[in-house]
Amino acid sequence: MTETRTVTATDEDMKSAVSEAVALLASGEVVAIPSETVYGLGADAFNPEAVAKVFAAKERPSFDPLIVHIGRKSDLHEVVEVEPALRDVVEKLTAKFWPGPLTLVLPKKPEIPDIVTSGLQTVAVRQSAHPLFRAICRELGKPIAAPSANRFGRISPTSATAVMKELGGRIPLIVDGGACSEGVESTIIAIEHREGKKPLFTLLRAGPVSKEDLQPYGKVEKAKSRPGDAPTAPGQLASHYAPRTPLLLFDRPEDFIPEEGKKYGLISYRDDEDDGYVGLHEWEKVEALSPGNGKLAEAALRLFFVMRLMDEAGLDAIVAEPVSETGLGVAIMDRLRRAAAKI
Ligand code: TXA
Ligand code: MG
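Residues numbered from 1 in each chain as written. Chains lettered and ligands numbered in written order. Predicted model: local features only at pLDDT ≥ 70, side-chain atom pairs only at ≥ 80, totals over all residues. Heavy atoms only, no water.

**Here's the deal with the sheet that holds strand β15 (residues 317–320)**
So, point 1. Taking strand neighbours across the sheet as the criterion, the four strands line up as β12-β15-β13-β14 in an open arrangement whose pairing is parallel. Each of the sheet's edge strands pairs with one partner strand only, and the pair in question is β12 (247–249) and β14 (285–288). When the angles between neighbouring strand axes are averaged without regard to direction, this sheet yields 25°.
So, point 2. Note that β12 and β15 share three bridges and pair parallel. The residue of β15 that forms the bridge with Leu-247 is Ile-318.
So, point 3. Docked against the sheet, helix α10 (residues 329–340) engages β12 and β15, running at close to 125° with respect to β12. (Pairing = 2+ DSSP bridges. Helix = DSSP H or I, 4+ residues; strand = E, 2+ residues; numbered from the N terminus. Axes fitted to C-alpha atoms, helices over the stretch in contact; angles between N-to-C directions. Contact = heavy atoms within 4.5 Å.)

**Details of the domain arrangement of the chain**
Where interface size is quoted, it is often the accessible area lost as the parts come together.
So, point 1. Once the domains are mapped, the chain shows domain 1 (5–176) and domain 2 (247–340).
So, point 2. For domain 1 and domain 2, the distance between their C-alpha centroids amounts to 30 Å.
So, point 3. With nine residues of domain 1 at the contact, the number on the domain 2 side is six residues.
So, point 4. Summing both sides of the interface, domain 1 and domain 2 together bury roughly 650 Å²; the carbon and sulfur share of this comes to 53%.
So, point 5. On the domain 1 side of the interface with domain 2, the three residues burying the most area are Ile-155, Thr-158 and Lys-165, jointly 66% of the side's total.
So, point 6. Joining domain 1 to domain 2, the criterion identifies three salt bridges.
So, point 7. Lys-165 is the partner of Glu-312 in a salt bridge, and the nearest nitrogen-oxygen pair spans 3.0 Å.
So, point 8. Looking at the side of domain 1 that touches domain 2, its residues break down into four nonpolar, two polar and three charged. (Domains from an automatic or database assignment. Buried area = accessible area lost by both parts, 1.4 Å probe. Salt bridge = Lys/Arg side-chain N within 4 Å of Asp/Glu carboxyl O. Nonpolar A, V, L, I, M, F, W, Y, C, P; charged D, E, K, R; others polar.)

**Brief notes about helix α2 (residues 48–58)**
So, point 1. When α2 is considered as a whole, its buried residues turn out to be Ala-50, Val-51, Val-54, Phe-55, Ala-57 and Lys-58.
So, point 2. Looking at the buried side of α2, the elements it contacts are β3 (40–44), α5 (114–117), β7 (144–145) and α7 (160–167).
So, point 3. A distance of 3.0 Å separates the backbone nitrogen of Glu-49 from a side-chain oxygen at the start of α2, and that oxygen is part of Asn-47.
So, point 4. Positive phi appears at Glu-59, one or two residues downstream of α2, with a value of about 55°. (Buried < 20%, exposed > 50% of the residue type's maximum accessible area, 1.4 Å probe, protein only. Polar contact = N/O pair within 3.5 Å; in protein donor to acceptor, adjacent residues only side chain to side chain.)

**What to know about the pairing of strand β9 (residues 187–192)**
So, point 1. The pairing of strand β5 (residues 102–107) with β9 spans four bridges and is parallel. Note on β9: the bridge partner recorded for Leu-102 is Thr-187.
So, point 2. Of the pairings in the sheet, the one linking β9 to strand β10 (residues 200–205) comprises five bridges and is antiparallel in character. Its bridge partner being in β10, Ile-191 is matched across the sheet by Phe-201.

**Thoughts on the side chain of Asn-150**
So, point 1. Considering the arrangement of structural elements, one finds Asn-150 in the loop between β7 and α7.
So, point 2. One polar contact links Asn-150 to Ser-148, side chain to side chain, over a distance of 2.6 Å.
So, point 3. Separated by 3.3 Å, the side chain of Asn-150 and the backbone oxygen of Arg-154 make a polar contact.
So, point 4. When near neighbours in sequence (up to four residues on either side) are disregarded, Asn-150 contacts Lys-58, Ile-155, Ser-156, Pro-157, Glu-166 and Leu-167.

**Considerations on the side chain of Arg-308**
So, point 1. Structurally, Arg-308 can be placed in helix α9 (residues 296–311).
So, point 2. A relative accessible area of 9% places Arg-308 in the buried class.
So, point 3. Those residues in contact with Arg-308 that sit more than four places away from it in its chain are Ile-155, Ser-156, Pro-157, Ala-162, Lys-165 and Glu-166.

Put into structure tokens, the structure is as follows:
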């Protein structure tokens, strides 16, 4: 057992938290760091022993590669090799979406250890918009490899408390930067050059940057992998983001047939009596993703928090109301389907 400390940082006073995190990272340790999407468990991306500790703390299988985070856009070339034909589009995408929740999969530099990419010749890279994450990368002077700071397959943490529940006793430090502002993980795309045509973006994971946001820069295609396929693409495992309590997702509300004596909770979009599943059953507990108006951005940022609340409520099952699959709704439904899938 490692004793896990939490150090709190604010936008005004980040200094001591940043120095403490950097000292540990520089000595080959792992640290949980807030990003705008979810908390990450970071290690020096150039240090394979440190990266191995990330896999161990998360119990993450070695075939699931990590995202590398850079402190400055100009550090991109320490991590990836961008072929000349793709320079223009990479420049445009990073100018528009970085720092922010867009991860690019590109050919890796030989200096990136194989453990980071699970042996793939490509690496996933992004620049986080969170001031703490960027400050820590910059002061360390190295890119940071960081997956979400949860045990493998479980709900991603959007607060320091959630990280403590997932990894307390396994890691030395959590930097508490408050709640994450996006709440779901970054959008991931692989980019390919096509002669005489717009570049092709393969959407490997839906996230805050939507298909519509990306379309002006290239042709966006969904990854071909299906639940159950080998994880060649991210977000790929059918069962992921999963609470311990079974999560049920139905195509039509009438498909929900409650079993006698069982306690069901509802994750509702708006918690409105006249809309959705609220009136469908005597729910033991109802939590709304976006109370009142129903805003997808609010729903996304509350999703993992609400999943965790429901998971801790002693229910027999959690029913989730579907949200419309437009914009951020695509990322929300992706997470709900994987939380509901059983393999
Ligand atoms: O928002 C985020 O992306 C957060 C924060 C911490 O940055 N990170 C995150 O990491 O969600 P993680 O490990 O939970 O998810 C990263 C995904 C994995 O599903 C992995 O398979 C995929 O990225 N990935 C990493 N490298 C890849 C590569 N070279 N090719 C395809 N997929 C890759
Ligand atoms: Mg994850």
